[in-house]
Amino acid sequence: MKLISINIEGDKHFDSVLPFLKGENPDVLCLQEVFETDLDNFKALGYTCSFLPQTKKLIDNVDSNHGCALCTHGEMQNVQSFYYQNGGNPLPEFNNEERLRSINEIKRGVLCADTLCNGSLFKIATTHFTWTPKGESPSDEQIRSVKVFLEKVKGMEPHIMCGDFNIPRTENFLYGELVKHYTDTVPLTYTSSLDATLHRAGPNPEKKHLFDSFMVDYVFTQPPYTAHDVRLGFGVSDHAAVVATIEKT
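A brief structural summary.

Definitions and limits used
Residues numbered from 1 in each chain as written. Predicted model: local features only at pLDDT ≥ 70, side-chain atom pairs only at ≥ 80, totals over all residues. Heavy atoms only, no water. Helix = DSSP H or I, 4+ residues; strand = E, 2+ residues; numbered from the N terminus. Rg over C-alpha atoms; globule rule 2.2 N^0.38 Å. Buried < 20%, exposed > 50% of the residue type's maximum accessible area, 1.4 Å probe, protein only. Contact = heavy atoms within 4.5 Å. Core = buried A, V, L, I, M, F, W, Y, C linked by side-chain atoms within 4.5 Å. Pairing = 2+ DSSP bridges. Salt bridge = Lys/Arg side-chain N within 4 Å of Asp/Glu carboxyl O. Polar contact = N/O pair within 3.5 Å; in protein donor to acceptor, adjacent residues only side chain to side chain.

Right, let's talk about the overall build of the chain for a bit. When helices and strands are tallied, the chain shows six helices and 12 strands. Against the 2.2 N^0.38 benchmark of 18 Å for 249 residues, the chain shows a C-alpha radius of gyration of 17 Å, consistent with a compact globule. Counting only C-alpha atoms and orienting by the principal axes, one finds that the chain spans roughly 50 × 40 × 40 Å. Per-residue burial over the chain gives 54% buried out of 249 residues. Looking at the chain alone, contacts between residues at least 24 apart form 66% of all its contacts between residues at least 6 apart.

So, in structure tokens, the structure goes:
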């Protein structure tokens, strides 16, 4: 099964995201920072999509749900979701003028489903994890989120977990907590998954470290799942696409 996970940064990169996906043609696609109204672009590629709202943002001056999506060419079964941050709160309105406050109000959650590929069911999950102002230094919110997240995923059947975790593997100690439960399948030769050519911080020389040591987008596995031929695709969005072939033993 071929899987791709991408933080697509809303509707900013469709001129590169859609041709990339047409060329790669993954069986399963996990998206972060996607507008629910934009899922028609992926349905047009033959995908069935499920969506988890995390916040509301304006698109063409209209409030639109914004969150994570799980898309598959095959049959999707047993779709489930849960929130591990701000779960009991109403869906918040994102305010760009109060960005830091709004980021902390986002409902962070996991969307998962059993997807049928070549006669086998694969349990796939995706998330866009709690953000911290300095990726190398977890905030109190991120620390709490990791605790709740791990408590909840322990109750899940074995699965593949992918997405933008906002936790650099060589910088943030919470990465060590994640890999107690998962195998990080992204080769160590990749040191950052942020794209300097498309990320808003790319032109800022003071932010160079982000593109040297901020590996934050992952495909995590648990037995009986393994991943091989894992690679990052740059030039797609402000985060690289993670491309992986998944096997179930």
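What follows covers the nonpolar core. Ranked by internal contacts, the top residues of the largest apolar core, which has 44 residues, are L3, I124, F149, M161, F165 and I246. Looking at which element gives the most residues to this core, the answer is strand 6 (residues 108-117), with five residues. Residue contacts for F165: discarding those within four places in its chain leaves T127, F129, T130, Q142, F149, L178, V216, Y218 and F220. Counting residues in hydrophobic clusters, the runner-up holds 21 residues, among them I4, V17, L21 and L31.

On to the pairing of strand 2 (residues 28-35), then. Extensive coverage of strand 2 is indicated by the burial of eight of its eight residues. Taken together, the five bridges between strand 1 (residues 2-7) and strand 2 define a ladder with parallel strand orientation. What sits directly across from S5, in strand 2, is C30. Relative to strand 4 (residues 62-72), strand 2 runs antiparallel, the two sharing six bridges. Looking at the pairing, L29 lines up with C71 of strand 4.

Another point: the pattern of salt bridges. Taken as a whole, this structure holds nine salt bridges when the rule is applied. Note that K123 and D114 form a salt bridge whose closest N and O atoms lie 2.9 Å from each other. Each member of the pair, K123 as well as D114, carries the same accessibility label: buried. Through salt bridges with shared partners, a single network forms among K2, E24 and R231.

The complete set of buried residues in helix 1 (residues 14-24) reads F14, S16, V17, L18, F20, L21 and E24. Buried-residue contacts for helix 1 involve strand 1, strand 2, helix 2 (39-43), strand 11 (225-233) and strand 12 (241-248). N25 occupies a position one or two residues after helix 1 and carries a positive phi of about 50 degrees.

Spatial strand order, 5-6-7-8-10-9: six strands in an open sheet with mixed pairing. Strands at the two margins of the open sheet, each flanked by one partner only, are strand 5 (76-85) and strand 9 (183-184). Bridge analysis of strand 7 (residues 120-128) against strand 8 (residues 160-164) gives five bridges, and the strand direction is parallel. The residue bridging H128 from the neighbouring strand is D164, located in strand 8.

This part covers the environment of P205. Relative to the assigned elements, P205 resides in the loop between strand 9 and helix 6 (210-213). In this structure P205 comes out as exposed when scored by relative accessible area, which is 68%. Note: C-alpha distance between P205 and E141 (64 residues apart in sequence) is 28 Å.

If you trace the backbone, D238 turns up in the loop between strand 11 and strand 12. With relative accessibility at 5%, the residue D238 sits in the buried group. Taking the C-alpha atoms as reference points, D238 and L194, 44 residues apart in sequence, are found 6.1 Å from one another. Among the polar contacts listed, one links the side chain of D238 to the side chain of S237, at a separation of 3.2 Å.

For the peptide bond that leads from P223 to P224, omega is 10 degrees, which places it in the cis range. Mapped onto the elements, P224 comes out in the loop between strand 10 (217-221) and strand 11. Its identity is not glycine, yet N86 carries a phi of approximately 60 degrees, on the positive side. Within the secondary structure layout, N86 lies in the loop between strand 5 and helix 3 (99-105). Assessed through its relative accessible area of 22%, N86 is described here as partly exposed.

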